[in-house]
Amino acid sequence: MTIRHFGTLSLLATLLGAAELPNLVMPQNNLNFRQIEGYEDYKVVASHYRTDKKEIRYILANPIAYKALKEKTTPMPEGSVVVKIGWNAKPMPSYPDALEAENIQRIEYMLKDSKRFNQNGDHWGYARFVKKGDRYETWTGDTAECVACHAIVPQNDYLFTTLQPLH
Ligand code: HEC
């Protein structure tokens, strides 16, 4: 009975497109992939292209981070989340001079939580989940790398992203 009930619930969740994120945890800082459940509804605030990795990136912000980016509030408030999705780019079959996103390579995020994080005074926690086929795995590198590279931009609260103009 219970199993059947759960089966119905997960079928309903799938039909509604509310698939759960995998329960993956960053070993160094305990950040879970599920922290960003619902990120598909965050606002896209910028798109980037990495020429060396040939990847299209979308940057998304949760409502707290979006408001702060819009109002240029730094440091960003507690609870701000900024997500980055990276895709490899491939020529569009219908028009090969145009590139389109193919497969997600990884999803990563930064969470502002000054009680839990304070490397370099940045107060961001860093998490990365790598896509292998149709599954995700926790990235096995050292988050000190994230902190060190984002330390290039302390004047923008350790974010490279600025709000991409839409008009
Ligand atoms: C060697 C430099 C470097 C390292 C290491 C690095 N980043 Fe970044 N990160 C960047 C750059 C450059 C951008 C902006 C360009 C882009 O979108 O790729 C960025 C963008 C981001 C963004 C979007 C917000 C912003 O700052 O623009 C997030 C989220 C992010 N990185 C998370 C991470 C996480 C998590 C790690 C570690 C697992 C990490 N980064 C490691 C250079 C780095």
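One can find the structure itself at the top, above this paragraph.
To keep things clear, this report deals only with the structure shown in the data block. (Residues numbered from 1 in each chain as written. Predicted model: local features only at pLDDT ≥ 70, side-chain atom pairs only at ≥ 80, totals over all residues.)

## Quick look at helix α2 (residues 63–70)
Those residues of α2 not exposed but buried are Ala65, Ala68 and Leu69. Each buried residue of α2 lies within a common arc of 100° when the element is viewed along its axis, so the set occupies one face. Elements in contact with the buried residues of α2: β1 (43–50), β2 (55–61) and β3 (81–92). Phi for Lys72, located one or two positions after α2, is positive at around 55°. (Buried ≥ 20, exposed ≤ 12 C-beta atoms within 10 Å, placed from the backbone. Helix = DSSP H or I, 4+ residues; strand = E, 2+ residues; numbered from the N terminus. Arc of directions from axis to C-beta. Contact = placed C-beta atoms within 7 Å.)

## Let's talk about the site of the ligand
Around the ligand, a shell composed of 21 residues is seen, among which Tyr126, Cys146, Cys149, Phe160 and Thr161 lie nearest. Mapped by element, the contributors of at least two residues to the shell around the ligand are β1, β2, β3, β4 (95–112), β5 (124–132) and α3 (143–150). Counted by class, the shell around the ligand contains 11 nonpolar, 4 polar and 6 charged residues. (Near = placed C-beta within 6 Å. Nonpolar A, V, L, I, M, F, W, Y, C, P; charged D, E, K, R; others polar.)

## Thoughts on the pairing of β4
Relative to β4, β3 runs antiparallel, the two being bridged by 11 bridges. Bridging from a neighbouring strand, Val83 pairs with Tyr109 of β4. With antiparallel pairing between neighbouring strands as the criterion, β3 and β4 make up a hairpin whose turn holds 2 residues. As defined by bridge partners, β4 adjoins β5 across 7 bridges and the pair is classed as antiparallel. Its bridge partner lying in β5, Tyr109 is registered against Ala127. (Pairing = 2+ DSSP bridges.)

## Some words on the nonpolar core
One finds Ala61, Ala65, Val81, Val82, Val83 and Tyr109 to be the most contacted residues of the largest nonpolar core, which totals 27 residues. Of all the secondary-structure elements, those providing two or more residues to this core are β2, α2, β3, β4 and β5. Dropping the residues within four chain positions of it, Tyr109 is found in contact with Ile36, Val81, Val82, Val83 and Ala127. (Core = buried A, V, L, I, M, F, W, Y, C linked by C-beta atoms within 7 Å.)

## Considering unusual backbone geometry
Backbone torsion omega between Thr74 and Pro75 reads -10°, so that peptide bond is classified as cis. Note on placement: Pro75 falls in the loop between α2 and β3. A positive phi is found at Lys54, a non-glycine position, where the angle reads about 55°. Looking at the element boundaries, Lys54 is found in the loop between β1 and β2. Lys54 gets classed as exposed once you count the C-beta atoms within 10 Å, which come to 11.

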